[in-house]
Amino acid sequence: MKSRYQLRVRKWRSSMSGCAWRVYHHDGRVVNWIETPLPKTPISLAIFLHEVGHHAIGFKTYKKRCEEEYHVWLWAINEMRRWGVEPDHRVWRRFEMSMQYAVGKAMRRGLKLLPDPLMRFLPKAA
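This report concerns the structure included in the present document. This is a predicted model, so every value here is computed, not measured. (Residues numbered from 1 in each chain as written. Predicted model: local features only at pLDDT ≥ 70, side-chain atom pairs only at ≥ 80, totals over all residues. Heavy atoms only, no water.)

Examining the sheet that holds strand E3 (residues 30–37)
Selection rule: A pair of strands is considered paired only if DSSP assigns at least 2 bridges between the two. Only DSSP runs of H or I with at least four residues qualify as helices, and only runs of E with at least two residues qualify as strands; both kinds are numbered from the N terminus onward. In this analysis an axis means a line fitted to C-alpha atoms, helices contributing only their contacting stretch, and an angle means the value between N-to-C directions, from 0 to 180 degrees.
Strand order in the open sheet formed by three strands is E1-E3-E2, and the pairing between neighbours is mixed. Looking at which strands have only one partner, the edges of the open sheet turn out to be strand E1 (7–13) and strand E2 (19–24). This sheet shows a mean twist of 20 degrees between the axes of neighbouring strands, independent of strand direction. Sheet topology note: the E2/E3 ladder contains six bridges and is antiparallel. Pairing of tryptophan 21 across the sheet is with tryptophan 33, part of E3.

Describing the layout of surface pockets
Quick reminder of the rule: Cavities and pockets are defined on a 1 Å grid built over the protein atoms alone: a cavity is a set of grid points where a 1.4 Å probe fits but cannot escape, while a pocket is an open set with protein on both sides within 12 Å along at least five of seven lines, and lining residues are those with an atom within 4 Å of any such point. Grid points are joined across faces, edges and corners, and a volume is the space filled by probe spheres set on the points. Amino acids are sorted into nonpolar (Ala, Val, Leu, Ile, Met, Phe, Trp, Tyr, Cys and Pro), charged (Asp, Glu, Lys and Arg) and polar (every other residue, Gly among them).
When its volume is computed, the largest pocket comes out at roughly 520 Å³. In terms of lining, the largest pocket is formed by 22 residues, of which the most central are Arg65, Glu69, Ser98, Tyr101 and Ala102. At the level of elements, E2, helix H1 (42–57), helix H2 (65–82) and helix H3 (89–108) are the ones that each hand at least two residues to the lining of the largest pocket. The element contributing the most residues to the lining of the largest pocket is H3, with six residues. Classifying every residue of the lining of the largest pocket gives 10 nonpolar, five polar and seven charged.

A look at the packing of aromatic side chains
Put simply, the rule is: Ring geometry is summarised as follows: Phe, Tyr and Trp rings, the Trp one being its six-membered ring, pair when their centres sit within 6.5 Å, and such pairs are stacked at plane angles under 30 degrees, edge-to-face over 60 and tilted between the two. Only protein chains enter the area calculation, which uses a 1.4 Å probe; residues under 20% of their type maximum are buried, those over 50% are exposed, and those in between are partly exposed.
Going through the model one piece at a time under the given rule, you end up with eight aromatic pairs. Ring geometry for tryptophan 92 versus phenylalanine 95: centroids 6.1 Å apart, planes at 75 degrees, classification edge-to-face. Placement of the pair is tryptophan 92 and phenylalanine 95 together in helix H3, with a separation of three residues, close to one helical turn. We classify tryptophan 92 as partly exposed; its relative accessible area is 32%. By relative accessible area, phenylalanine 95 is classed as buried at 2%. Following the ring pairs from residue to residue traces out a cluster consisting of Tyr70, Trp73, Trp92, Phe95 and Phe121.

Things to note about the pattern of salt bridges
We count it as follows: We define a salt bridge as a contact between a side-chain nitrogen of Lys or Arg and a carboxyl oxygen of Asp or Glu at a distance within 4 Å.
For the structure shown, the criterion picks out eight salt bridges. For the salt bridge of glutamate 35 with arginine 10, the shortest nitrogen-to-oxygen distance reads 2.3 Å. One end of the pair, glutamate 35, is in strand E3; the other, arginine 10, is in strand E1, and 25 residues separate them in sequence. Residue classification places glutamate 35 among the buried positions, given a relative accessible area of 7%. Notably, a salt bridge pairs arginine 65 with glutamate 68, separated by 3.2 Å at the nearest N-O pair. Placement of the pair is arginine 65 and glutamate 68 together in helix H2, with a separation of three residues, close to one helical turn. Here the salt bridges do not stand alone but share partners, grouping Arg10, Arg13 and Glu35 into one network.

A look at H2
What counts, and what does not: For a helix, the expected span equals 1.5 Å multiplied by the residue count minus one. Between two residues, a contact is recorded if the distance between any of their heavy atoms is within 4.5 Å.
Given a rise of 1.5 Å per residue, 18 residues ought to cover 26 Å, and the 26 Å separating the end C-alpha atoms of H2 matches this to within 8%. Those residues of H2 lying buried are Cys66, Glu67, Glu68, Glu69, Tyr70, Val72, Trp73, Trp75, Ala76, Ile77, Glu79 and Met80. On its buried face, H2 sits against H1 and H3.

Structure below.
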C-alpha cells in the first residue's frame, strides 16, 4: 500500500484514529502522508485502509467531504474483503458512527442537498 499510493507514514498511532493529508512543496513535489494504527486487527486494518483510501480515491474526487468519507469507507471495506478479512461488528459500528458524525457535521455547516446514499446517516430528531 505504501508503495502503490506513494505514502509516508508519519506515525503509527497507539489510538484507533487516523489522519491523511497531502503536502505540496514549492519545487513541485507532492508528499502523501498518513497517521494510523499499525494494522493488526480488523478494526486497525479498517482504519489504516480508510486513511490509505483518501489517497487512493483522491481528496478532490467528491465535492462534499461527507460523500468522500462514505466512498473511502466503502473502498476500505472492499479492500479488507479482497484480502480475505471479513469486517467484524467493530468495523461496521465504526463505519456507522463515522458517517453519522460526517453527515451531522455537514448538516450543521449548512449542507443543502445530501446525496441519496447518505440519507440513512442523518441524525434522528429528538
